[in-house]
Amino acid sequence: MRILLIAARHNIVEAAKKLDYEVVLFENKHRLLKETLEIADETHVVDWENHDEVVHLAASIHKMKPFQAVFAFGEKGVLPAALIKEKLNILGNPLKPVELSKDKGEMRKLLNERGISLVRYAVSHSTADLKEAVGRIGLPCIIKPVAGTASSGVFKINTSSELDRLFKQEYLQDEEKMEVIVEEYLNGAEYSVESISFNGTHHIIGITEKFTTGEPSFIETGHFFPAVSLQQNTANDVKDLTLKVLHAIEHEIGPAHTEIKITADGPKVIETHTRPGGDKITELMKLSFGVDVFYETLKSLKGMETQFNPALLQYSGIHFNLFQEGIVTGISGLKDLQKHPNIVEAELYLEPGNEIKPVKDSLTRHGYTVFTAYSPDKLTAMKQYIENTLKVYVKS
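Owing to the predicted nature of the structure, the values given are computational and were not obtained by experimental measurement. (Residues numbered from 1 in each chain as written. Predicted model: local features only at pLDDT ≥ 70, side-chain atom pairs only at ≥ 80, totals over all residues. Heavy atoms only, no water.)

Asks: If you had to explain helix H9 (residues 232-249) to someone new, which residues and values would you point to?
Replies: Between the first and last C-alpha of H9 there are 26 Å, a value that for 18 residues agrees with the 26 Å anticipated at 1.5 Å per step. For H9, the set of buried residues is Ala235, Val238, Leu241, Thr242, Val245, Leu246, Ala248 and Ile249. Down the axis of H9, the smallest arc covering the buried residues is 160 degrees, so these residues share one side. In H9, the exposed positions that point more than 90 degrees away from the buried face belong to Gln232, Asn233, Lys244 and His247. In this structure, the buried side of H9 is in contact with helix H5 (95-102), helix H6 (104-113), strand E9 (189-198), strand E10 (201-212), strand E12 (254-263) and strand E13 (266-273). Glu250, located one to two residues past H9, shows a positive phi value of around 65 degrees. (Helix = DSSP H or I, 4+ residues; strand = E, 2+ residues; numbered from the N terminus. Expected span 1.5 Å × (residues − 1). Buried < 20%, exposed > 50% of the residue type's maximum accessible area, 1.4 Å probe, protein only. Arc of directions from axis to C-beta. Contact = heavy atoms within 4.5 Å.)

Right under this line is the structure:
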């Protein structure tokens with residue numbers, strides 16, 4: 001079976017080859033790896049942002065040697081993959097759920113129309129619109145790009161003076177291109193639900209507990225998987241809501257990542273994505289449940305039987321490093337973390353002499369540690385151990 005993979009990491013191509021796919025890879029030149037080139041049957045360098053070019057290339061190759069399926073698991077690849085699926089009428093995730101998941105305004109409109117997780121919102125295309133939208137939604141509110149990811153450009157606005165200060169930031173300088181969504185602020189703890197779908201049937205793998213910097217930007221600082229702080233009845237409500245969302249957007253196949261807050265009025269959807277969660281959540285799923293969502297999705301595409309009822313093996317987590325600004329003068333504790341039996345991986349993107357700049361989003365954090373434990377208490381203790389062990393010393 002011949003499959004076109006868009007923006008697929010090495011482990012995804014490897015999974016496809018294990019399933020005896022003939023793999024054609026469309027990849028950006030900056031991410032190409034020699035080992036991936038060696039196992040892919042055919043590789044083409046493309047610009048993911050140029051969707052017309054990507055679709056045209058896929059159609060041209062398809063005429064000479066047809067594809068039976070197309071898929072992508074990453075944020076940049078899901079839309080071109082869905083466009084190719086529609087153009088060539090082959091297996092893959094349909095365009096509708098992908099487009100809905102990438103447009104927060106249309107997603108919110110659909111959910112509100114269906115009576116699912118009602119939230120006040122407005123879409124704005126200019127600073128004048130934005131002031132009017134904030135007036136309608138009321139304060140406090142959340143302002144974020146309609147198509148944003150990685151906690152980039154997310155702001156909580158509590159007062160009119162904070163809104164005035166926001167207008168002075170580069171985030172809102174290009175009025176011609178600005179498209180943001182204003183939503184009522186949902187007060188409560190944040191979680192995400194990791195799921196996988198086969199032929200429109202949705203399976204919950206687990207709920208991820210999230211830690212963030214809090215307002216105004218809510219940058220994620222870590223995760224526990226599965227969540228350790230939820231009561232069972234609340235967890236059931238979260239899972240039920242997720243299934244309703246996936247059904248509403250008509251998600252067909254593959255992983256999904258749905259972000260939810262537990263409010264005084266019950267669980268409310270923040271957004272959903274027709275791809276797995278980032279921040280190494282796919283690795284946490286493998287560590288905790290032995291589930292490889294890439295392999296399972298590719299297996300389903302091939303028509304192989306999928307029996308899905310994973311059992312919990314252990315708890316897992318990830319902690320992200322956010323250090324104070326300044327010049328790095330020293331680092332301690334990293335090797336201790338890397339030698340610890342419960343630590344799977346520890347990476348730090350800093351070394352002495354580097355300048356630490358402010359963390360603006362998930363892409364500018366300073367490092368991470370992936371860890372495991374066999375009980376919720378020990379998972380919490382591991383998180384504390386990591387925070388206490390790794391030290392970065394700076395001078396102003």
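Asks: I'd like a description of the packing of helix H4 (residues 78-88) against H5, backed by residues and values.
Replies: Their axes nearest at 9 Å, the elements H4 and H5 cross at an angle of 155 degrees. With respect to each other, H4 and H5 are oriented roughly antiparallel. For the element pair H4 and H5, the recorded crossing hand is left-handed. Seen from H4, the contacting residues are Val78, Leu79, Ala82, Leu83 and Glu86; seen from H5, they are Leu95, Val98, Glu99 and Lys102. Partitioning the contact of H4 with H5 into residue classes produces six nonpolar, no polar and three charged. (Axes fitted to C-alpha atoms, helices over the stretch in contact; angles between N-to-C directions. Parallel < 35°, antiparallel > 145°, perpendicular 65-115°, else oblique. Left-handed = near helix turned anticlockwise from the far one by under 90°. Nonpolar A, V, L, I, M, F, W, Y, C, P; charged D, E, K, R; others polar.)

Asks: Report on the nonpolar core, specifying residues and quantitative values.
Replies: Side chains that are nonpolar tend, in soluble globular proteins, to be buried together. Ranked by size, the top nonpolar core spans 35 residues in total, and within it Ile3, Leu5, Tyr21, Ile205 and Leu298 carry the most contacts. A total of five residues in this core trace back to one element, the largest contributor, which is helix H10 (residues 281-289). Setting aside its immediate chain neighbours within four residues, Ile3 contacts Tyr21, Glu22, Val23, Val24, Phe67, Ala69, Val70, Leu298 and Leu301. Ala7, Val24, Phe67 and Ala81 belong to the second largest nonpolar core, which has 19 residues in total. (Core = buried A, V, L, I, M, F, W, Y, C linked by side-chain atoms within 4.5 Å.)

Everything listed here is a matter of coordinates, which is why it stays silent on function.
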